[in-house]
Structure formats: C-alpha cells, structure tokens
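Structural features, examined
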Amino acid sequence: NAQDKLRIAAIVQSLDTEFNVLWANAAEAHPLVADGTIELTVLDGRMDPFNQSNQFDTAINEGYDAIIFIPVDINAGNDPVARAMEAGVPVIGSNTLISDTDLYHAFISSDDVLAGEMLARSVIEKINGEGNVVIVEGMIGQSAQVQRLEGIQKVLAEYPNINVLETRTANWSRAEALTLVENWLISNGGDIQGVIAENDEMAIGSLEAVKAYGLDPATVPVAGVDGITDALLAVQRGEMMSTLQDANALAQGAIDLAAAAVQGDAYTPVAAVWDVNGGALVWGGGTEKQYSVPWVPVTADNVEELLALRDGA
Amino acid sequence: MQKALEGRQVLDLSDAGFSVEQTVLLAATDISKSFNGVPALLDGRIQLHAGSVHALCGGNGAGKSTFLNILMGLLRADGGTMVRDGQVVSYASAAEALADGIAIITQELSPVLDMTVAENIYLGREPRRGWFTDSAKMVADARALFDRLKFKIDATAVMRDLTVAQMQLVEIAKAISRESQVLIMDEPTSAIGEKESETLFEAIRSLQAQGVGIIYVSHRLTDIFSIADSYTVFRDGRFVESGAIADIDRQRLIGLIVGRDLRDQEPRAEREATEAVIEARNFSNGGVFTDISLSVAKGEILGLYGLMGAGRSEFANALYGNGPKQSGDVLLRGTQLIIKHPSDALRAGIAMVTEDRKGNGLVLPASVRDNIVMGALKRFSSFGFMKAGEENRAVDAQIERFRVRTASRDLAVQNLSGGNQQKVVFARCIETNPQVLICDEPTRGIDEGAKREIYAFLSDFAARGNAVLMISSEIPEILANADRIIVFRSGRIAGELTAAEATQEALVHLAS
Amino acid sequence: MVELAQKSSEARNARFGRVVSRYGIVLAFLILFVILSFAHQNFLSTGNITNVLRQVSINGILAVGMTFVILTGGIDLSIGSVLAFAGIVAGALVTGADPSNPFLAVAAAIGVGALFGAVNGLLVARFKVTAFVATLGMLSMARGATLLISDGRPVPNLSADFRWLGQGFVAGIPVPVICFALVFVIAWVVLRFTIYGRWIYAVGGNVRSARTSGIPTRMVTFSAYLIMGALAGFAGAILTARTTSALPQAGLGYELDAIAAVVIGGTSLVGGVGSVVFTLVGVLIIGVIGNGLDLLGVSSYYQQIVKGAIIVAAVLIDRSRNAQS
Amino acid sequence: MVELAQKSSEARNARFGRVVSRYGIVLAFLILFVILSFAHQNFLSTGNITNVLRQVSINGILAVGMTFVILTGGIDLSIGSVLAFAGIVAGALVTGADPSNPFLAVAAAIGVGALFGAVNGLLVARFKVTAFVATLGMLSMARGATLLISDGRPVPNLSADFRWLGQGFVAGIPVPVICFALVFVIAWVVLRFTIYGRWIYAVGGNVRSARTSGIPTRMVTFSAYLIMGALAGFAGAILTARTTSALPQAGLGYELDAIAAVVIGGTSLVGGVGSVVFTLVGVLIIGVIGNGLDLLGVSSYYQQIVKGAIIVAAVLIDRSRNAQS
Ligand SMILES: Nc1ncnc2c1ncn2[C@@H]1O[C@H](COP(=O)(O)OP(=O)(O)OP(=O)(O)O)[C@@H](O)[C@H]1O
Ligand SMILES: Nc1ncnc2c1ncn2[C@@H]1O[C@H](COP(=O)(O)OP(=O)(O)OP(=O)(O)O)[C@@H](O)[C@H]1O
Ligand SMILES: [Mg+2]
Ligand SMILES: [Mg+2]
C-alpha cells in the first residue's frame, strides 16, 4: 500500500540553525510520521532562496502530495508556492512567511512582529523604561529580522527615555554577536543598560560579552527569541530572558494541516497543540487559512518544565 | 607603441662618435641599470651593423642579459641612449621592439608549457582568419619552418613534453621566424648539442647574408670565433672594448672578459684504472635507455657523450633516483644500493648537478644561501635547528670559490645571472660532500674563468679518490676533462674511448 | 629518420595520454549519472532533466566566466556579491507600475556587473594587487553597496515580461537554460578558435613569455575580469527573474561553487590549462549531485558528507587516469 | 679592495631595499592604527587592546596553520568545518555532570583536527588531488559529520574548567591570546630556524628541485596539512570555550579570513615566499578593521564597504612600496 502512503516534503531554511533542527526533529516525531503512515522528506534550503525554489521544482516533479515550507525570503517564496499550487500540490506555510500568504493553502506561524515587541518590552521594562540599549540584528533582509525589528521599533516609540546606542547585524551568529558587543562595550565605556538581540544565539553571545566586561546580567538585561537550549539554561541561571517559539506546535501542526489538505474532512489531527487534543489552538476542521501559535515567554517558573521537554525530545 | 615610434628624433650619429659608413641597425650608449640600488650595468654600449654577427662577451654577471633585455624593452634602463635606424628610441615593452624589427632569444627560456610547439612559435601573431586563428596554417607554417632550419621537432607536440634542448630549438625557430632586422641571441647554444649548433650556425649565416644584424652571446669561445665578425666585451657592468674578430685572438679575448690572467688548464695526468667507486648494471627504461652498464673508478672522470636525445640525462637521473627506470642495479664500492629517491642517493654520497637548473635544480624564489645548503641541511644543524654561523661561513666560502656574483647571500637566486645560477647548483652539490658527482652539462652558461675553476675542482675532487660522471655536449670540454668517454646512441652504449684515443671525429662518428 | 618517427609517435602518445586522462572527469560524471538513473526512476524523466539544467544554469554562467579568470591564473571571489548588486539594479528597473523594458534591465545588470569586473581587472592587471585580495575586498564592498541601495530589503513585484527570463520557456526549453547554452557556446568558440582565446591561455600559461611575444597581457587579464563581471551581472538578472524579486542577500557563497566547477573540470588554478567544456562537466557534476541526493531524499547531513565524498572521488578518478598515462 | 668595499655597500642597499618593500604592509597597518587611535579615544585603552587581541586569536591560530599550507603552494578550505567538528568533540567531553579533564578535551580536539588534516594531506600529497578540491570536499564532509554527531544542536553546559580556556586570564592576559602567542612563536621559530622550515619553503618554491636536493617532498606537504588540521582543532577548542557551548555551525567561512590574513601579509599563493610574521600583520589588520569600525559605530552596510576598501588599500600601499624599489 505504498500508493496510499502520504508523502510530504518539508523545505526548510537551513539545518545549520538550531531552530530549524528543532522544527525538523519535532516534525519527525509527529506520530503519523513516526509510525510510517506519512513519509516525510526534509529538504535543506541552505539559506538560499534560489536553492529553495529549485527544491520546489524537485518536489513537484517528484509527485509529493503536499509541501511544507519555511521560506528563507519573504518575497522570493511567493513564486515557488504559486507553482506548486498550480501543479495541484498544496503548500502549507510554517514559521516564517511569504509576503503573499493568499497563495498558501494554509499557514501556521507565530507573529514575529509580536516577538519583537515582547523582546523589546522585556528588556525595557527591566530597566524601568530608561537607559541606553543596543540592538543586535539578524541577517539583514530575512523576514524574522525585518519583522522582529518592526516590533522592537513599535515598542521603542512608546519609551522616549530609551536611547538606542547601536544597531548592527551579527548575522544570527553567536561568535559575531560576542565580538560586536565586546566592541560596543569598549566604545561606550560600558555604559550600556540592555541588549536586545533578535535571536537567542546572538543573545547568548551578547551575554558572554556583558559578563566578560564585568557587568552583572541581573542589572544589564539581555534578551533573545527562540528558546534554544542554551537560552533556557541561561534563563534558569537568571542571566537572560527569552521567548520560546514553539517548534513542536509549528512543525506538527503543519503536518496535520498538510494531511488535512490532502485527505480532507476525513482526517483527524494528532498534534498536541490543537484544542481537540487538549491544546490551545482551534482546529476548526482544518479548513482555516491561518493559524497563529502563541509565543511562550520563558520564565523562572516554566523553564524547568521546558528543559525537561527538551531533554525528552 | 605608436607613441614611441612617433617620438623618434633624427640624431646626428657622428656626434655620438659612431662611424656612419656602414648601415648601423642599432646602437646604444651609456645604458645603465641598477636593481634595488645595486648597479648591474653601468655603461652598456654596442653598435650593430647590417649583415654582421656581433659577439657580446663578458663574464657571468657582467650585465649582458640585462643590457639585451633593455634593448628589447623587457627591462627599463635607468639611463642611456638607444638609436635604431638613426632614430632615438626607447621601448616600453617587447611589443614595441618587435614592431620595430627587433627579436630576441632570451637566455632564460620561458615557453608556454601547456601549448603546442606551433602555438608557441606564433604566439602573439597567430595566423588568422578574421578574429579566428587558422590552426591548420599555423601547424603547416611551423613544419615548413622546421624543415627549412633542419630542426627535428614535431610542431604539434606539447611544449611540456620537450627536453630543454628541444625547447631551446623552438625558441630559436620562433625568433628566426619573425624575420626581424635585428636578432638578439642570448646563449642560444648553451642547452643544445654540437650538431644542432651547426644547424643554427648555418641559419645564422643565411640570415647574415640577408642583411640581418645579429647580437650573439655565448661563453663558448669556439662558437664565437667560428661565426662572429665583431665583438664587444663587458666587464663588471662596463663596456671594455669593441672591435673586429679578425683583430683579436682567443687568449686576449679571454683576458678581456675575465680581467685577469688565467693559467692554462693542466692536462689531466695519465692514471691507472683502479677499483670502481660506482657501478651501474643493466639500466633500462622503455626505449629511452636500454641495458646500460658502466662503472666509474676511483679518481676517474668518466665522460658521457651523445647527441641530443641520446638518453644520457634520462639515464643519469634514473641512477640518481630522480627518474623512472624499469631495471638497473647500483653498486657503490661493491655494495648494492637501493635508490628510490634522491635522498637515498645523497645519503650514499652521490650528488647530481641536473641539466635543467630552473626545472629541477634551483628553488628560484629562495636565497642563494638556502639553495647552496639545501642538500646538506643535516650537516648544518643540530637537533633540527640550523646553525646560522656555520651555514653562512660555508655559503660565503662557496660564493668566493666560484666567484658567484651576487649582491648578498640572501638574494633570491632568481635575481642572479644565468651563469651565476649554474654556479649555485654546482655549489649545492659539492656542499653535500659527495664521493660520486654526476654532472649533467655542469658548465652550461658559465664563463671561461669560472669554468676553469670547475674543471680544476673536478680534477682535484677525483684525485682525492672520488668519482665523477660528466655528461657534456661540448666536445672540447669532454676531451679536456674526461679520462674515459662512453658514447650513447639512441639510448644504448655505442662505444667507449680512452682519453688518448678520443678525438672530435671519433666521438661524432660513434654518436651518430 | 627512425629517431624522428619515434619521437613524433612519443609526442602523439603523450598527447593521447593527456586527452584520455582529461576525459577521466567525464567518465566520473557518467558513472554518477548511471548510478543515479538506476537509483531513482524519475531521475531520467524529461521533467527532471529540464529541472537539473535550469538549476545549474546560474552556476553554469558564473563558472564559464570563472574559467576565463582562472585560465589567466587569477580568481574572482566577488561574483556572488556582484550578482546580488546587479540583480537589485535590474529589479529596480522592472518593478512597480511603470516597469522598463526587460532588455534594458538585463543590459543594465550586465553593465553594472562589467563595471565591478572592470574595477577588479584594474586592481589586478594595472595595480598588481593579488587577485585573491582584490576580489575579496570587492566581495565585501559589493555586498555592502547592495545592502545600501536596497536598504536591506528585497525588490518585489517585478514585471511579468522580466520574470519570463527566469521562468519562461522557448520550445519547451527553460529560458535560463537557453541563456546558459548561449554563453557556453560563445565562450567555447572564443576560447577555442579565436586569437583572444589564445591570448587568455598564453597569459595564464606564462605571462612573461606572452609579454615578450607582444601580447597585451594587461589588457587580456583585465578583460577576463570584465567578462566575469558581465556574466555575474547577467546571472544576477536571471536569478532575480527566477526568484521573482531582487534579493540583497542573493548569491552568498556562489563563488565557491563556480570555482569548484572549474577546478573539478581540471582547469588548473595556476592558469593556462583547462577548457570550458570540462567546466561544463564540473557544473553538471555539482548540479546532478545536489539534485540526485534531493530526489533520493538523503537527509541533509548525509548529503553534505556524500557530496564532499563524490567531489573528491570524481577528481580521484580523474587523477588516477592521469597517473596511468 | 675598492671593489670589495663597493660590493658590501651594495649588499647593504639590496637588503635595505627588500626590507622596505616588505614592510609596506606593516606601514599600512601602522597608518590604520594611528588613524583609529585618533578616531576613537578608547581604541588605545588597555581594555580594547586586550579585546582586539582576544578577538583575533582564533583567526590568528588558523592563519598560522594556513601559512604552512600556503607556503607549500597549497590551500585548505576545510578548516572552518574541522574547527566545528573538533569543537563538538571537545564539548562532548566536558559537558554534563561528569566532565573530563579540560586538557584531555583540548588534546582530543587537536587530535581530531590532525586526523582531518591527515586525510587532506594524504589526498594532496599522496593522491595528487588539487588542494582546492580535496579540502573543499573535506569542508562539506566535515560539516556534515559535525551536524550528524551533534544532531545539529549545540552542546551546552561545558565545565567551568574548560571554559577558562576561552574566558580566563593569566596575569591579566586572556588565555586565548596566550595560546595564539605560543602558536605564533613556535611557528616562527620552526619556519625560520629549523630544517623543517627550510623544507617547507623549498617544497613550495619548486617541488622538483626540492626533491632533487633529497627533501622528502610528499612528507613535507602532508605535514603542512597535518599541522593546519591540528591547529584548526585547537582553535575549535578555544572557540568552544569562548562561546560557552560547542556550536555545530561554528567557523562558517573562517577559511576565507585565514587565507586573507596570509595573503594580505604578502605570502604568495603560489608558494615558497612569505613569512608568519607578515601573517600576524595580516591578522591584526583584519582584526583592527573590524574592531575599529564597531567602535566608531559605522553602520552595517557601510562597514562592509569600508572593510573591503581598507583591505584593498592596505595591499595597494604594500604594492606601491614594492614597485618603488
Ligand atoms: N632582478 C634582479 N634583481 C637583482 N639583481 C639582478 C636582477 N637581475 C640581474 N641582477 C644582477 O645583475 C647582474 C648582471 O646580470 P646579467 O644577467 O645581466 O649578467 P650576464 O652578463 O647576462 O651573465 P651570464 O653570463 O651569467 O648570463 C648580476 O650580478 C645579477 O645578479
Ligand atoms: N619530459 C619528457 N617527456 C617526453 N620525452 C622526453 C622528456 N624528456 C626527454 N624525453 C625523451 O627522452 C629521450 C632522451 O632524452 P635525454 O634528455 O635523456 O637525452 P640526452 O642524451 O641527455 O640529450 P641532451 O641532454 O643532450 O638533450 C629523448 O628521446 C627525449 O625526447
Ligand atoms: Mg646572461
Ligand atoms: Mg641531457
């Protein structure tokens, strides 16, 4: 019965980044993938939109039943999705988005603008709305960078007493952020009260720089987004703040949506995120266009639990 | 290029002290050039007439190549005047000189190794049809050229596969084919055999008859006396004398070149054949050399003679562990050696002066010092560290002994003159304290003075109970130095002569 | 007479040996191709072949340009950034309500690419800056300039006419493939049959000797970078049309793929030896590996391992054939 | 007598000329240094100097290894991946409840790096695969292997003892700086004063002549890659200690920085010419540019442009001094 086996291709950004790895692992852990009912192939986009476009061609040509897509670029993702839909292959968006979401069959994501807002707010509130902060940006032009910055700026507009000293990219990289923040601390004579980093990797790098300069991370807050393991550990130590992006929900939810797209009403979702399984997200028959997975602020209270989940994975 | 030609001024030649009776194709005065503040040429002068073969003589490092490269636009002079067909010129590039009817065969061959012979010959002036090259015509032209010059070279062979000698012939053919009025030849015969030299001389004579002026540089005085009609001597970068060959004899020319009296070479004493130091048995490799067995006795200098491509170099390299062989045993003082790599040979006390100094003799970007000690690093070190003092003393002694003209022992050997580079190769081999010395064309490009030093060294080296295997294509050299001569023909031993019975005729007869 | 005959046969053998050895890489490619045909039933489908060809066309165009540069003994690391810059320029011309003629946009991309190429060429040929350093500097500068003019944002909404360049078909063949084929054939003719081609080889083979022979070596070196730049610009336009918006971060690391294709094809980094035909083989090897492993659903981590191993193996096959001769 | 005197003064001139020309890059560095000292008051602070030195130490260690490889006429593109692999290995040993001795972890990282280096060395020296292709293949393979063993995720929770290697100080000097200084001094002594150093230069200058002089050329080439690999492993351990977890994506693109440092320092990619001292200058130039531009708060886009321009300018200054002499 190889014919009625559901074949899904997942085209992800890059398996060199921890979030995508967590996503892929969660997808592989989807019960129907694990038991072989669904055959899942993860294609590594290597952070290149052109490469992702090529992988769409391969997947369409290969006759996959559905495609799940984490685009590298907001705009460059539109056309491949249109091509797939035209060829009758439903595309489910996950995590980052394309600019023309109408093209998707459905998409499940977390709002990156909101993440930016939460990120900025966590730092700014910790320093009571006044002081000097720096912003460490992701790779310029990627949707997460663009949207998180948008959120950060929205919040900054509310706080006139926050002074942004520096804004620069560290390309999502911990080592680059480390060097960058070290240098900023020198140039500003240590007069930095908070670090807003657009992801956790860079936040960890920034944190090390802050500590190495002799500042106390309890008074100079550092925050990131994603909830990677190192960040959870740092939160546990009380050294930084993070917001967890729920890879499990995003990945397994997308697989459910893809299966529903192919099999229609007959399909019952299995991911824990859905209300029908006791989660927070309304399944609604799987016919909605958009599903928004909530962000989970990582706190001293829930960090142990999150870490325990991580170790189990 | 256009600019240089337009910029010519007509000059009254009598002012410059030149005679104007004959057509002067090219004249130069006061040419000077320094490298890194070290003068290489202080006062270069020449006057070349149409239909003349003008020998430019001088010791190693006298500045000949520097001077000729300046004439050709390959180097920029610091000062001086150059007059071509009565007009002052100064070439910024070789292209300008070529366009003005001057061509050169440079001393340092630099072919494009991965192109064919024909492509090399017509480099930069490929026969064309519109924008396209006409390959068929190019090959046909090259073949015709070789036929005319009587060179036996395959026009479609890839340059990399040729021997140094063949490359030299290609270079000669290339320069001749340009049909320029002035032809500069910087040691064109240093790499080729007597037979090929003769063919070259024929070509030179026929060019001469067409009114071409030729500047000819060679350390082979015999060549000079057989084809040149006038001479100019440089010494230490300065013009010394100029005149007609008819008015000078060999002895005086050597004196002018060397700048001191040279004692005559002592003829080698007769000696008894004693036990063999090194013995080669049944060496074969494909068709290149077949079943070669020979031995060199204690105190002996064994000469190997043969025509170009006879397989001598191939055999010697195989003996030294530097080239392929299919069979062959080596015995050193009766014990069998296993030589798979030159380091095996060196460890056993066998050193070799290779034929192609640029290809596998020297490390060009390395300093004179590094090259000289390169084969004997162990001796100048303890626990892996170089002993700078001892090393420098040894290097200085070699520089002194062979009169290597170099600004310092730290100069990269690529900046030395050709002859001085050759001396460095020789010095490197001696520095390994060998008991057997294999020399493949050891005096290529070396001036008369230094040649005598080398001959004296070899004679003395042998006399101390060592053995020398000397490959040479210069018959006078081999006759004067070898105790016994083995002649190769097409990869086989064609015969053997003692010093007493060897003559030029006998050698040539056996070899061809 | 006998000697002559023998020598010329030796020479022929030597040349034959070289030819055989250089076809080692073709052999490696064929082995790969046959294995993949058996491994996956769709590999040989028209759809997939079209796919592979379209996928390789960008790297193909870049690798052709790189062949010119490497043949002269140089290298160009800046092409990925130049491609991105040219893409943004082309994109800016064909976006919005009143898009320019797509040909104008392509011409502009090529022109801008050539301009960057000219700067590289000047630095290398005129100012004797090592190619590696000059083009590495340009890699950084061109990327910065790209981000600056685009403000780090993609240029979306390109005209349909322009997108045809990346997405259209002519007689069933994708337009990028046609572009690549054209570039390849022209380059092949130029390098193989023209005077200029000879000069490129001569400059890379031995610059001194080329100069002594009156070849305008600086001009030749300069021109190689110019051609490379122009082709990078062209590739940028095609890539933009294919990805439907101009991306400032396009082309990251493309230089390595282009150089790899050239080197796998046996063109020597020292210069003077090689051929654009073998570059094509190199391009296809890289393209087919990527496509084949995706088809087979090999997981990403193993893909990288296998890809590296295949590249080395292909060259080893090439080498061992070489050693035989 | 007169002649002799003249000659020795000539010799002095020659040496002087050479020294001046080769110090062009040092001059370029000094100019950069002075400009930055004036441009930002904190640039010369002890804190910042310490900072810069610590920042350059990883690239410094890699560039020293790369100097060996490039001197032999080779290149190693795999070091970034090898560094990451070694980092994961070291990390795995010192994580969790029962961490190993940090020295064991460092030794393991060095050993693993050397192993990769040995494979590169074998491919290049024994099987005559072009260094570019061999190490490009290894780049891909080592990265795949790294991701595979780490499952694409960092190894966190490294022991404090181990982290000292990246974050600690001895007598006010950061440990990575001490490591780099040691590596540099040893390399300098080896290349300058030992037989082995002579071998490296000879093999790079002319491998056939080196062979004729009895030098074990294959072994020498092999050893250069071995050293490079071991140093990449060492750098991986330090970087891991510095970033507090072992990152599978560490070291991406580091090969380019290391090669750039070597080449900016004037070491020829053809081999045989260069010095580790000038590599140090190259490393410092790259490090100081990055640090200086960060200090001055130059925006991302302009930084890339300025960085590229400075690198080219530095080499131009070097070149033009060269041309004068
Ligand atoms: N590029 C250079 N840098 C430094 N010194 C140089 C350079 N080129 C030549 N010289 C020096 O110039 C001097 C003259 O060299 P040149 O090659 O003209 O001699 P030559 O007369 O041709 O000798 P030979 O008979 O050995 O060929 C030599 O001492 C040489 O070391
Ligand atoms: N690199 C090479 N490739 C192919 N054939 C070669 C090569 N070198 C030499 N040969 C061939 O090997 C044979 C022997 O050449 P070799 O150089 O040993 O001759 P030789 O006696 O030393 O003469 P000479 O040194 O005077 O030219 C010739 O037929 C030559 O064509
Ligand atoms: Mg000379
Ligand atoms: Mg010979």
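1. As for the domain arrangement of chain B
All names here are of chain B. Taken domain by domain, chain B holds domain 1 (18–258) and domain 2 (276–511). Listed per partner, the contact involves 29 residues of domain 1 and 28 residues of domain 2. Summing both sides of the interface, domain 1 and domain 2 together bury roughly 2,200 Å²; the carbon and sulfur share of this comes to 51%. When the area that domain 1 buries against domain 2 is broken down by residue, the three leading residues are Asn60, Glu108 and Glu194, summing to 28%. Our count for the contact surface shared by domain 1 and domain 2 stands at three salt bridges. With a closest N to O distance of 3.8 Å, arginine 357 and glutamate 108 form a salt bridge. Taken together, the connections running from domain 1 to domain 2 amount to nine residue pairs in polar contact (both at pLDDT 80 or more). Contributing elements (two or more residues each) for the side of domain 1 that touches domain 2: strand 2 (38–49), helix 6 (164–177), helix 7 (194–209) and helix 9 (250–258). No other element matches helix 6, which puts four residues into the side of domain 1 that touches domain 2.

2. Description of the environment of alanine 280 of chain A
Residues and elements named next belong to chain A. Checked against the element boundaries, alanine 280 lands in the loop between helix 10 (247–263) and strand 11 (290–292). A relative accessible area of 65% means that alanine 280 is categorised as exposed. It is 8.6 Å that separates the C-alpha atoms of alanine 280 and proline 294, two residues lying 14 residues apart in sequence.

3. Notes on the site of ligand 2
Of all residues adjacent to ligand 2, which total 16 residues, the nearest are Gly311, Arg312, Ser313, Glu314 and Glu355 of chain B. The environment of ligand 2 is shared, with nearby residues belonging to chains B and C. In the model, an oxygen atom of ligand 2 is placed 2.9 Å from a nitrogen or oxygen of the glycine 309 of chain B main chain. In the model, an oxygen atom of ligand 2 is placed 2.4 Å from a nitrogen or oxygen of the glutamate 314 of chain B side chain. It is helix 10 (residues 312–320) of chain B that provides the largest number of residues to the shell around ligand 2, a total of three residues. By residue class, the composition of the shell around ligand 2 is five nonpolar, five polar and six charged. Both domain 1 (18–258) and domain 2 (276–511) of chain B contribute no fewer than three residues apiece to the shell around ligand 2.

4. Some points on the coordination of the magnesium ion (ligand 4)
Residues and elements named next belong to chain B. Distances from the magnesium ion (ligand 4) to its protein donors, namely Ser313 (OG) and Glu355 (OE), fall within the range 1.8 to 2.5 Å. Note that serine 313 is positioned in helix 10 and glutamate 355 in the loop between strand 18 (350–353) and helix 12 (357–360), a separation of 42 residues in sequence. Of the residues examined, serine 313 reaches a relative accessible area of 13% and is grouped as buried.

5. Overview of the sheet that holds strand 11 of chain A
All names here are of chain A. Ordered in space as 2-1-3-4-5-11, the six strands form an open sheet in which the pairing is parallel. Edge strands, defined here as strands with exactly one partner in the open sheet, are strand 2 (38–44) and strand 11. Along the sheet, successive strands turn relative to each other by an average axial angle of 15°, direction set aside. Relative to strand 4 (residues 91–94), strand 3 (residues 66–69) is paired through three bridges, and the arrangement is parallel. Paired with isoleucine 68 across the bridge in strand 4 is isoleucine 92. Along the sheet, helix 1 (residues 18–28) contacts strand 1 (6–12), strand 2, strand 3 and strand 4; its crossing angle with strand 2, the most-contacted strand, is approximately 165°.

6. As for the environment of glycine 129 of chain A
Residue and element names in this part refer to chain A. Within the secondary structure, glycine 129 sits in the loop between helix 5 (112–126) and strand 6 (131–137). The exposure class assigned to glycine 129 is buried, which follows from its relative accessible area of 10%. For the pair glycine 129 and aspartate 230, spaced 101 residues apart in the sequence, the C-alpha separation amounts to 27 Å. When neighbours within four sequence positions are excluded, glycine 129 is seen to be in contact with Ile124, Tyr159, Asn161 and Ile162.

7. Description of the interface of chain C and chain D
Residue-level contacts link 38 residues of chain C with 38 residues of chain D. Both faces considered, chain C and chain D share a buried interface measuring about 3,300 Å² in area, 82% of it formed by carbon and sulfur atoms. Per-residue buried area on chain C facing chain D is highest for Phe132, Val133 and Tyr301 of chain C; these three make up 18% of the total on that side. Run the count over chain C and chain D and you get zero salt bridges. In this assembly, chain C and chain D are joined by three residue pairs in polar contact (both at pLDDT 80 or more). At the level of secondary structure, the elements contributing two or more residues to the side of chain C that touches chain D comprise helix 6 (131–150), helix 12 (254–264) and helix 14 (300–324) of chain C. When residues in the side of chain C that touches chain D are grouped by element, the largest group, 13 residues, is from helix 6 of chain C. For the side of chain C that touches chain D, the residue count by class is 26 nonpolar, seven polar and five charged.

8. Section: the relation of the copies chain C and chain D
Mapping chain C onto chain D calls for a rotation angle of 180° and an axial translation of 0.2 Å; the resulting RMSD is 0.1 Å. Such a combination of turn and shift is consistent with a two-fold rotation axis. For chain C, the minimum C-alpha distance to the rotation axis belongs to valine 270 of chain C and amounts to 3.9 Å.

9. With respect to the environment of leucine 113 of chain B
Residues and elements named next belong to chain B. For leucine 113, the position within the fold is in the loop between strand 6 (102–105) and helix 4 (117–121). As a C-alpha pair, leucine 113 and valine 158 span 45 residues in sequence and 7.1 Å in three-dimensional space. Setting aside anything within four residues of it in sequence, one finds leucine 113 in contact with Val158, Met159, Arg160 and Met167.

Conventions adopted
Residues numbered from 1 in each chain as written. Chains lettered and ligands numbered in written order. Predicted model: local features only at pLDDT ≥ 70, side-chain atom pairs only at ≥ 80, totals over all residues. Heavy atoms only, no water. Domains from an automatic or database assignment. Contact = heavy atoms within 4.5 Å. Buried area = accessible area lost by both parts, 1.4 Å probe. Salt bridge = Lys/Arg side-chain N within 4 Å of Asp/Glu carboxyl O. Polar contact = N/O pair within 3.5 Å; in protein donor to acceptor, adjacent residues only side chain to side chain. Helix = DSSP H or I, 4+ residues; strand = E, 2+ residues; numbered from the N terminus. Buried < 20%, exposed > 50% of the residue type's maximum accessible area, 1.4 Å probe, protein only. Near = heavy atom within 4 Å. Nonpolar A, V, L, I, M, F, W, Y, C, P; charged D, E, K, R; others polar. Donors = N, O, S within 2.8 Å, 3.2 Å for Na, K, Ca; no water. Pairing = 2+ DSSP bridges. Axes fitted to C-alpha atoms, helices over the stretch in contact; angles between N-to-C directions. Least-squares fit on C-alpha atoms with pLDDT ≥ 70 in both.

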